[in-house]
Amino acid sequence: MYETLVQEPLVSMPRIGDQAPDFEALTTKGKIKMSDFAKGKWTVMFSHPADFTPVCTTEMSGFAIRKNEFDALNTELLGLSIDSVHAHLGWVQNVRESTGVYFDFPIIADIDMKVSKRYGMLQPNESETSAVRAVFFIDPTKKIRLIMYYPLNVGRNMDEILRALDALQTSDKYKVAMPLDWKRGDKVIVPPPKTLDELNARIADDTLEKVEWYLAKKEI
Ligand code: BEZ
C-alpha cells in the first residue's frame, strides 16, 4: 500500500483570507506596528532582495513614481528588505541624488528576518539571506486579499499591481467578480444565480450582456 505524503512547509506562510500577522519593526519612517499601520486604508506591503541592487532600484522607483495612484486607491505602501535602516537611508538618498526619485514611504529594516520569515518572504531554495519579491495586498480590516511572489531575477509589473488592487476594491464595492484582464471601465461579472428563481430572473434580465446563463456581465 502506498501512503500519500504531504510535505508541510517548514514555516507557516500566510494565505489569502488570513489576518495579516502582527509585528513591530523599524522603518525609514520610524517604528511601526502592523496592526496600527494605515488605519482605515489598504496596505501594499512588498519585499525586495537587497538595497543598492539594479532590479530592486527599478522596482522601488516604480512604487515611488506611482505613489499618487496608490494614494488615489486609499492605499499605503510599505517596503521591506533584510538590510539596516542605515543602508535603506543611504540607498534612498543615492537614488534621489542620481535620479530625483524619492522613496517617500516606510521601508522595513528586517535585519533579524523576523517579518520576512513570518510572511514567507524568505524562501531558502531561492536565497537564504535575501527576501524574494513578495507583494501582500492587505485590506483595511488587515485581511490578506492577494499575494504575489516573484523570484530574485524578475522584476514585478506595476501596472498589474495597481490593476489587481483596483480590481479587489471594485469587486468589494459592487459585489461583482472581475474577468480576465479586467481594467477600470471594463464590464464586470455578475455572480451566477444560485436558485431557479434567480436563474429565471437572470434569463428575463435584458440589461445584462449574457454569454451564458452563468456568465453575465454588466457596466458599473
Ligand atoms: C537586483 O535587484 O538586481 C537583484 C537583487 C538580488 C539578486 C538578483 C538581482
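Please refer to the structure higher up on the page.
Residues numbered from 1 in each chain as written. Predicted model: local features only at pLDDT ≥ 70, side-chain atom pairs only at ≥ 80, totals over all residues. Heavy atoms only, no water.

> Hey, could you run me through the overall build of the protein chain in this one?
A tally of helices and strands in the protein chain yields 6 helices and 10 strands. Counting every position in the protein chain, which comprises 220 residues, the buried fraction comes to 42%. At a minimum sequence separation of 6, the contacts of the protein chain that also span at least 24 residues come to 65%. Only carbon and sulfur atoms are counted for the fraction: they give 54% of the accessible area of the protein chain, which is about 12,500 Å². Charged side chains in the protein chain number 28 positive and 32 negative. The centres of these two groups are separated by 4 Å. (Helix = DSSP H or I, 4+ residues; strand = E, 2+ residues; numbered from the N terminus. Buried < 20%, exposed > 50% of the residue type's maximum accessible area, 1.4 Å probe, protein only. Contact = heavy atoms within 4.5 Å. Areas by Shrake-Rupley, 256 points an atom, 1.4 Å probe, with all protein chains shown as cover. Lys, Arg positive; Asp, Glu negative; His and termini not counted. Charge placed at Lys NZ, Arg CZ, Asp CG, Glu CD.)

> What should I look at first to understand the site of the ligand in this one?
What surrounds the ligand is the set Pro49, Thr53, Pro54, Val55, Cys56, Arg133 and Leu152. Side-chain polar atom of Thr53 to an oxygen atom of the ligand: 3.0 Å apart, as the coordinates give it. Within the contact set of the ligand, an oxygen atom lies 2.7 Å away from a backbone nitrogen or oxygen of Val55. No other element matches the 3 residues that helix H1 (residues 54–65) contributes to the shell around the ligand. In terms of residue class, the shell around the ligand is made up of 5 nonpolar, 1 polar and 1 charged. (Near = heavy atom within 4 Å. Polar contact = N/O pair within 3.5 Å; in protein donor to acceptor, adjacent residues only side chain to side chain. Nonpolar A, V, L, I, M, F, W, Y, C, P; charged D, E, K, R; others polar.)

> Honestly, the sheet that holds strand S9 (residues 209–212) in this entry has me stumped. Any pointers?
Sheet strands associate in pairs through backbone hydrogen bonding, adopting either a parallel or an antiparallel arrangement. The sheet built from 3 strands is open, its strands ordered S8-S10-S9 with antiparallel pairing. Because the sheet does not close on itself, it has two edges, and the strands there are strand S8 (188–190) and S9. Across the sheet, the axes of successive neighbouring strands diverge by a mean angle of 35°, strand direction being ignored. In this sheet, strand S10 (residues 215–218) lies alongside S8 in antiparallel orientation, the contact comprising 3 bridges. Counterpart to Val190 in the pairing with S10 is Ala216. (Pairing = 2+ DSSP bridges. Axes fitted to C-alpha atoms, helices over the stretch in contact; angles between N-to-C directions.)

> Can you walk me through helix H3 (residues 85–99) in this structure?
Count 3.6 residues to each turn of an α-helix, and residues three or four apart come out pointing the same way. Compared with the 21 Å implied by 1.5 Å per residue over 15 residues, the 21 Å span of H3 between its first and last C-alpha is a close match. Listed as buried for H3 are His88, Trp91, Val92 and Val95. Each buried residue of H3 sits inside an arc of 100° when the element is viewed along its axis, so together they form one side. Exposed residues pointing more than 90 degrees away from the buried face of H3 are listed as His86, Glu97 and Ser98. Summarising the contacts, the buried residues of H3 are in contact with H1, strand S4 (75–81) and strand S5 (107–109). Directly after H3, the chain includes Gly100, whose backbone phi takes a positive value near 80°. (Expected span 1.5 Å × (residues − 1). Arc of directions from axis to C-beta.)

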